[in-house]
Amino acid sequence: MYKYSEKDKKIIAGRVKQFRNQVQRRLNGKISEEEFKPLRLMNGLYLQLHAYMLRVAIPYGELSSRQLRKLAEIADKYDRGYGHFTTRQNIQFNWPKLPDVPDILEELSKVEMHAIQTSGNCIRNISADHLAGLTNDEVEDPRPWCEIIRKWSTFHPEFSFLPRKFKIAITGCENDRAAILVHDIGLKLIKKGSRIGFQVFVGGGQGRTPYIAKKINDFLLKKDLLNYLEAILTTYNQLGRRDNIYKARIKILVNQLGVEKFKELVDESFKKLSDKKLELNETTIQKIFKFFELPNIKHCNEKISISSNQKFNNWIKQNTIPHKILGNSIVLISLKSENRPPGDANSMQMYKLANIADKFSFGEIRVTHEQNLVLPHVKNSEIYEVWNELDKLELATPNIDLITDTICCPGMDYCALATARSIPISQQISNFFKDYGDQKKMGNIKIKISGCINACGHHHVGNIGILGLDRNGKEFYQITLGGSSKQDASIGQIVGPSFSSENLIIAIKKILQTYQKNKSSDKDDFMTVFRRIGIEEFKKNLYDNTGKTN
Amino acid sequence: MIILEKQTEKKNLYQRISQDEFSVNKIKTSSMLSLNQFMEAEKRIKSKNLKVGIFLNSDQSLDCLKDKLELFSIIQINFKSFKDGRPFTMAKELRKLHLYNGEVRASGHILPDQFVFLLRCGFDNVEIDGKEKKEWIELYNMDEGLYYQP
Amino acid sequence: MSANDLLTGKVVFYSPGGWSFRSNDALKINIKDIEKFQRIIEEDEKRCIIVSPEFVELDESGHIKTLRDKIRNSGVTIEI
């Protein structure tokens with residue numbers, strides 16, 4: 001794992017001091033809310049429906065047990081004993097008080113954490129494949145690259161007041177688990193001959209106008225990474241729209257100019273403004289890579305033994321993946337149990353999970369963009385024990401990638417922008433499909449739920465996407481089908497008129513019936529069938545029976 | 001209004017000219033012209049070998065001036081809102097792309113929290129309300145000079 | 001008339017005794033008097049008491065009209 005240098009520590013401490021000053025100026029009236037807002041947002045502090053919300057950065061989703069303990073402690077001391085893991089691999093606290101926030105940030109800095117640039121119109125926390133460095137199908141570990149970009153983008157003097165927020169994701173695999181094609185910039189490590197470089201995608205995004213990112217560079221040399229990113233940001237900062245918040249993301253600029261023209265401008269800026277000092281040399285790169293070497297994991301032939309306990313067997317099948325070092329497994333911890341909002345964990349779970357990680361996984365934990373957690377290196381010989389511990393904490397729901405493994409934004413229960421609630425919908429789905437066997441029959445399927453058009457719940461790229469709307473003061477839900485955030489990314493298509501919350505489950509059931517009916521083999525997953533038969537087939541079944549009166 | 005360069009207050013040597021008082025013949029080296037005024041006066045400035053100041057708003061592009069920068073002893077970029085980050089890129093391009101070495105000044109709606117960013121992007125000084133001087137210097141002094149960027 | 005408390009971010013309602021955490025205390029305001037109350041809001045924003053003010057719409061029987069305002073008033077609708 002990455003460890004702060006003395007410089008990192010000083011920079012973070014400096015920021016805490018600066019934010020303390022900003023909060024003080026706000027409290028004594030020296031700055032207005034309008035002026036304070038961008039400053040607090042740059043420190044991850046929002047004002048939501050019922051309270052402030054603090055979003056703490058978990059760079060590329062990697063946590064140590066010590067950090068997780070600190071998060072639990074903060075949840076208890078300053079909040080209401082729980083936290084919410086987000087789709088950008090961060091954690092949110094829903095109830096902090098404004099005067100406490102500088103103290104919280106100071107406590108976080110003691111475990112090398114911060115809330116810098118988790119919000120605001122700047123470059124946000126860089127996200128990565130949650131299985132980075134753990135699988136054999138990887139060209140190269142993306143985390144060191146995230147760290148290099150994290151540094152470059154932190155307090156960037158030129159890019160802290162962009163037209164709009166800016167998100168970057170990196171994958172080192174063909175199999176994209178980081179949803180890079182729905183990011184402002186998506187980077188994919190690829191191999192060309194014996195050399196490794198980046199494919200660069202730009203202008204992806206969700207929100208009210210979703211776009212799949214377009215490729216603007218087929219092979220970017222490693223040494224040029226920062227200069228090239230700088231060229232993209234320079235172009236965007238100058239030309240991105242500032243007159244309309246809904247048209248300010250880079251995706252709109254790329255589409256208005258056309259990707260060819262945009263690429264031309266970036267290339268020109270890259271050629272003219274590239275700075276030797278931003279070039280990455282092999283020594284710097286190697287120094288960062290050193291931090292991300294695997295711990296001392298033992299290679300062995302131990303397999304996971306089948307138990308007489310069916311619950312355990314289901315969990316093994318659903319929630320574990322073989323580690324690249326034989327005899328070990330990657331454990332996925334579902335935060336989608338029936339009883340809690342998706343992505344939430346309470347302080348007790350966090351404390352105990354930190355202990356489990358210390359005992360069984362070299363003290364490492366990861367956060368996935370699908371709002372689950374990972375124990376990255378667990379010995380096969382100890383996996384039953386791990387399951388047993390997790391099960392006691394209600395953290396062993398065997399549903400990874402199944403229908404109840406939903407992505408869900410906080411919705412109108414917390415968020416000031418939401419038009420409908422989303423957590424109750426996800427809970428309805430969890431309740432309805434709680435049986436593992438039933439879920440297994442549906443195969444891998446992603447349901448993603450957003451409580452408003454801003455699409456924090458990624459509904460556009462859900463195989464089944466659900467968007468909460470307000471229709472004359474009542475909550476209604478629009479369904480989209482066929483979205484995907486993987487390497488074959490696509491934006492879901494709207495099936496038709498929206499459904500009331502009571503009818504939504506019936507509608508989902510009917511969609512699943514259509515899928516089941518059209519499966520040509522057991523291997524056909526939902527997306528395969530959808531792409532084969534198209535949306536019309538689903539519509540027919542859906543509205544013929546439920547009618548359009550919903 | 002005062003001019004602040006790091007911790008030091010500086011005398012303002014330039015005056016803006018209102019449209020009523022503007023006349024091409026009255027232009028001096030201490031004039032701070034708007035883009036339109038400059039276009040009107042460009043010929044005379046060149047023929048008299050004058051150097052003047054130019055005042056741009058954050059939404060005005062530098063593109064049409066890039067070959068004329070030697071005519072300016074100062075370029076003032078005025079923020080319409082502190083949230084409009086274009087001037088940061090404008091200053092960088094002035095310095096790094098166009099190699100402009102005259103004075104660059106920020107004015108308008110800017111916050112003391114942006115002071116160091118402004119200086120790092122190539123601004124020399126800021127025009128601010130004299131009442132805020134203490135705050136600006138305080139935030140300038142809080143900076144320890146540790147950055148991740150070159 | 002409602003807002004969030006600057007310090008805690010909690011929802012507050014304007015009552016005859018000032019800003020209150022209880023909606024029961026809230027003053028019901030006729031739409032034609034709104035301007036007068038807008039001045040109070042501006043004043044209290046400047047005095048760093050409240051942030052993010054808004055008017056809560058009531059129906060004819062005096063109940064909160066929109067679901068969003070109901071949730072603002074009664075809190076998170078799910079068990080946490």
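What counts as what
- Residues numbered from 1 in each chain as written.
- Chains lettered and ligands numbered in written order.
- Predicted model: local features only at pLDDT ≥ 70, side-chain atom pairs only at ≥ 80, totals over all residues.
- Domains from an automatic or database assignment.
- Contact = placed C-beta atoms within 7 Å.
- Nonpolar A, V, L, I, M, F, W, Y, C, P; charged D, E, K, R; others polar.
- Pairing = 2+ DSSP bridges.
- Helix = DSSP H or I, 4+ residues; strand = E, 2+ residues; numbered from the N terminus.
- Axes fitted to C-alpha atoms, helices over the stretch in contact; angles between N-to-C directions.
- Buried ≥ 20, exposed ≤ 12 C-beta atoms within 10 Å, placed from the backbone.
- Parallel < 35°, antiparallel > 145°, perpendicular 65-115°, else oblique.
- Expected span 1.5 Å × (residues − 1).

Caption draft 1: Structural detail: the domain arrangement of chain A. Residues and elements named next belong to chain A. Domain annotation of chain A identifies domain 1 (6-110), domain 2 (134-289), domain 3 (310-392) and domain 4 (407-546). Contact with domain 3, which involves seven residues of that partner, is made by eight residues of domain 4. Each residue belonging to the side of domain 3 that touches domain 4 can be placed in one class, and the counts come to two nonpolar, two polar and three charged.

Caption draft 2: Focus on the sheet that holds strand 3 (residues 15-16) of chain B. Residue and element names in this part refer to chain B. Overall, mixed pairing links the eight strands, which are arranged 2-1-8-7-6-5-4-3 in an open sheet. On the outer flanks of this sheet lie strand 2 (8-10) and strand 3, each paired with one strand and no other. Where strand 6 (residues 72-79) meets strand 7 (residues 103-108), six bridges bridge the pair, whose relative direction is parallel. Note on strand 7: the bridge partner recorded for Phe79 is Gly108. Relative to the sheet, helix 2 (residues 86-97) contacts strand 6 and strand 7, its axis offset from that of strand 6 by approximately 160°.

Caption draft 3: Looking closely at the interface of chain B and chain A. At the interface, 21 residues of chain B touch 29 residues of chain A. Contributions of two or more residues to the side of chain B that touches chain A are made by helix 2 and helix 3 (115-121) of chain B. Broken down by element, the side of chain B that touches chain A gets its largest block of residues, six residues, from helix 2 of chain B. Its residues assigned to classes, the side of chain B that touches chain A comprises 10 nonpolar, three polar and eight charged.

Caption draft 4: Summary view of the interface of chain A and chain C. Counting from both sides, the interface comprises 22 residues of chain A and, opposite them, 23 residues of chain C. If you tally residues by element for the side of chain A that touches chain C, the top one is helix 13 (residues 423-432) of chain A, at three residues. Tallied by class, residues from the side of chain A that touches chain C come to 13 nonpolar, four polar and five charged.

Caption draft 5: Focus on the sheet that holds strand 3 (residues 18-20) of chain C. Residues and elements named next belong to chain C. Read from one edge to the other, the open sheet built from four strands follows the order 3-2-1-4, with strand pairing classed as antiparallel. Here the strands that pair on one side only, and so sit at the sheet edges, are strand 3 and strand 4 (50-54). Direction aside, neighbouring strands of the sheet carry axes that sit 35° apart on average. Of the pairings in the sheet, the one linking strand 2 (residues 11-15) to strand 3 comprises three bridges and is antiparallel in character. Pairing of Phe13 across the sheet is with Ser20, part of strand 3.

Caption draft 6: Quick peek at the environment of Thr86(A). Residues and elements named next belong to chain A. You can see Thr86 is positioned in the loop between strand 4 (82-85) and strand 5 (91-93). Judged by C-beta crowding, with 23 C-beta atoms within 10 Å, Thr86 ranks as buried. In this structure, the C-alpha to C-alpha distance between Thr86 and Glu370, residues 284 residues apart in sequence, is 7.8 Å. Those residues in contact with Thr86 that sit more than four places away from it in its chain are Ile91, Gln92, Gly343 and Gln371.

Caption draft 7: Region of the structure containing the packing of helix 1 (residues 6-27) of chain A against helix 4 (residues 101-110) of chain A. Residue and element names in this part refer to chain A. The interhelical angle for the contact between helix 1 and helix 4, taken along N-to-C directions, is 175°, at an axis separation of 9 Å. One element, helix 1, and the other, helix 4, form an angle in the roughly antiparallel class. Contacts from Ile12, Ala13, Val16, Phe19, Arg20 and Val23 of helix 1 reach helix 4 at Val101, Pro102, Leu105, Glu106 and Ser109. Class assignment for the residues of the contact of helix 1 with helix 4 results in eight nonpolar, one polar and two charged.

Caption draft 8: View of helix 1 (residues 34-46) of chain C. Residue and element names in this part refer to chain C. In this model helix 1 runs 19 Å from its N-terminal to its C-terminal C-alpha over 13 residues, within 8% of the 18 Å that 1.5 Å per residue would give. Burial runs low along helix 1: only zero of the 13 residues are buried. Downstream of helix 1 by a residue or two, Cys48 has a phi angle that is positive, lying close to 60°.

Caption draft 9: The environment of Ser64(A), seen in detail. Residue and element names in this part refer to chain A. Within the secondary structure, Ser64 sits in strand 3 (residues 62-64). Separated by 294 residues in the primary sequence, Ser64 and Asp358 place their C-alpha atoms 8.9 Å from one another. In this structure, Ser64 is in contact with Met1, Gly363 and Glu364, ignoring residues within four places of it in sequence.

Caption draft 10: Spatial organisation of the packing of helix 7 (residues 250-257) of chain A against helix 8 (residues 259-273) of chain A. Residue and element names in this part refer to chain A. Remark: helix 7 packs on helix 8, axes separated minimally by 5 Å, with the N-to-C direction vectors making an angle of 110°. Here helix 7 lies roughly perpendicular to helix 8, going by the angle between them. On the side of helix 7, the interface is formed by Leu253, Val254 and Leu257, while helix 8 contributes Val259, Lys261 and Phe262. For the contact of helix 7 with helix 8, the class distribution of residues is five nonpolar, no polar and one charged.

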